[in-house]
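Take a look at the letters that make up each chain.
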Amino acid sequence: GITPSETYPKVFGVVMDLSVSNHHAATVVSMCDGHASLYTTSTFGILGGIGHEAVRNASTNFVKAAQSHYDEGLSVTNHPYPSENHVKFYLLGFDGVRVIDAKISDVETGKHKQSKLWESGQQVLTELRLLGEKLKTAPSPN
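Residues numbered from 1 in each chain as written. Predicted model: local features only at pLDDT ≥ 70, side-chain atom pairs only at ≥ 80, totals over all residues. Heavy atoms only, no water.

Please set out the overall build of the chain residue by residue, giving values where relevant.
Scanning the chain for helices and strands turns up three helices and seven strands. Along its sequence from the N terminus, the chain presents helices and strands in the succession β-β-β-β-α-β-β-β-α-α. The proportion of buried residues among the 142 residues of the chain is 43%. Taking the contacts inside the chain whose residues are at least 6 apart along the sequence as the reference set, 56% of them involve residues at least 24 apart. In the structure as shown, the chain presents an accessible area of about 8,100 Å², 52% of it carried by carbon and sulfur atoms. (Helix = DSSP H or I, 4+ residues; strand = E, 2+ residues; numbered from the N terminus. Buried < 20%, exposed > 50% of the residue type's maximum accessible area, 1.4 Å probe, protein only. Contact = heavy atoms within 4.5 Å. Areas by Shrake-Rupley, 256 points an atom, 1.4 Å probe, with all protein chains shown as cover.)

Structure below.
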């Protein structure tokens, strides 16, 4: 039921896959309605960040940041994980999925074409991590 809007004319969601140690990957999913989740190829994940304002804001900002990069992406129908030391941004567009592949060391510099996109994705990851830590330390209900 998501349709193009003035704020989200091209992209309604972003999937950021990044390689992590020992051939594992982490996947951050952000949607224009504020849904955000973290999945990993190991045993960790955080689902349902939409219930938390900081996560919602980071998620919608990530999708907003992706709007200007949609035309840079290559149209894809397969979605493999990135190679080691790379990040893949899968831009979920109203006209299809596009991918942008970049070296993590390049986007981390702040000077790369996709550095702002990387930073927005990292903000979602940070907010999800903080939420996970908060939930781990919260007292359990009796």
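So, next bit.
Residue-level account of unusual backbone geometry, with values.
One non-glycine residue, Asn85, lies in the positive phi region at around 70°. In this fold, Asn85 is placed in the loop between β5 (74-75) and β6 (86-93).

Pulling in residues and values, what's your account of the environment of Leu117?
Topologically, Leu117 is positioned in helix α3 (residues 115-137). Those residues in contact with Leu117 that sit more than four places away from it in its chain are Phe62, Ala65, Ala66, His69 and Phe89.

Provide a residue-level description of the nonpolar core, including the pertinent values.
Counting 30 residues, the largest nonpolar core has Met16, Val87, Phe89, Leu91 and Trp118 as its most contacted members. Of all the elements in the fold, those that place two or more residues in this core are β1 (11-20), β2 (24-31), β3 (36-40), α1 (53-66), β6, β7 (96-103), α2 (104-107) and α3. Setting aside chain neighbours within four positions, we find Met16 in contact with Ala26, Thr27, Val28, Phe62, Val87, Lys88, Phe89, Trp118, Gly121 and Gln122. Among the nonpolar cores identified, the runner-up in size contains six residues, and Val15, Val29, Met31 and Leu92 belong to it. (Core = buried A, V, L, I, M, F, W, Y, C linked by side-chain atoms within 4.5 Å.)

I'd love a proper account of the side chain of Lys88, names of residues and values included.
Position of Lys88 among the secondary structure elements: in strand β6. Despite its burial, Lys88 pairs with no opposite charge; the closest candidate is Asp101, at 4.3 Å N-O. Lys88 has contacts with Val15, Met16, Asp17, Pro80, Tyr81, Pro82, Val99, Ile100 and Asp101, leaving out every residue within four places of it along the chain. (Lys, Arg positive; Asp, Glu negative; His and termini not counted. Salt bridge = Lys/Arg side-chain N within 4 Å of Asp/Glu carboxyl O.)

Run through α1, naming residues and quoting values.
End to end, α1 covers 20 Å across 14 residues, agreeing with the expected 20 Å (1.5 Å per residue, within 8%). Inspection of α1 places Val55, Ala58, Ser59, Thr60, Phe62, Val63, Ala65 and Ala66 among the buried residues, and these make up the whole buried set. (Expected span 1.5 Å × (residues − 1).)

I'd like a description of the packing of aromatic side chains, backed by residues and values.
This structure, assessed with the given rule, holds one aromatic pair. Look at Phe12 and Phe94: their rings are 5.3 Å apart centre to centre, the planes differ by 50°, and that puts the pair in the tilted class. In this pair, Phe12 sits in strand β1 while Phe94 sits in the loop between β6 and β7, placing the two residues 82 residues apart along the sequence. In this structure Phe12 comes out as partly exposed when scored by relative accessible area, which is 22%. Using a relative accessible area of 24% as the deciding quantity, one classes Phe94 as partly exposed. (Phe/Tyr/Trp six-rings, centres within 6.5 Å; stacked < 30°, edge-to-face > 60°.)

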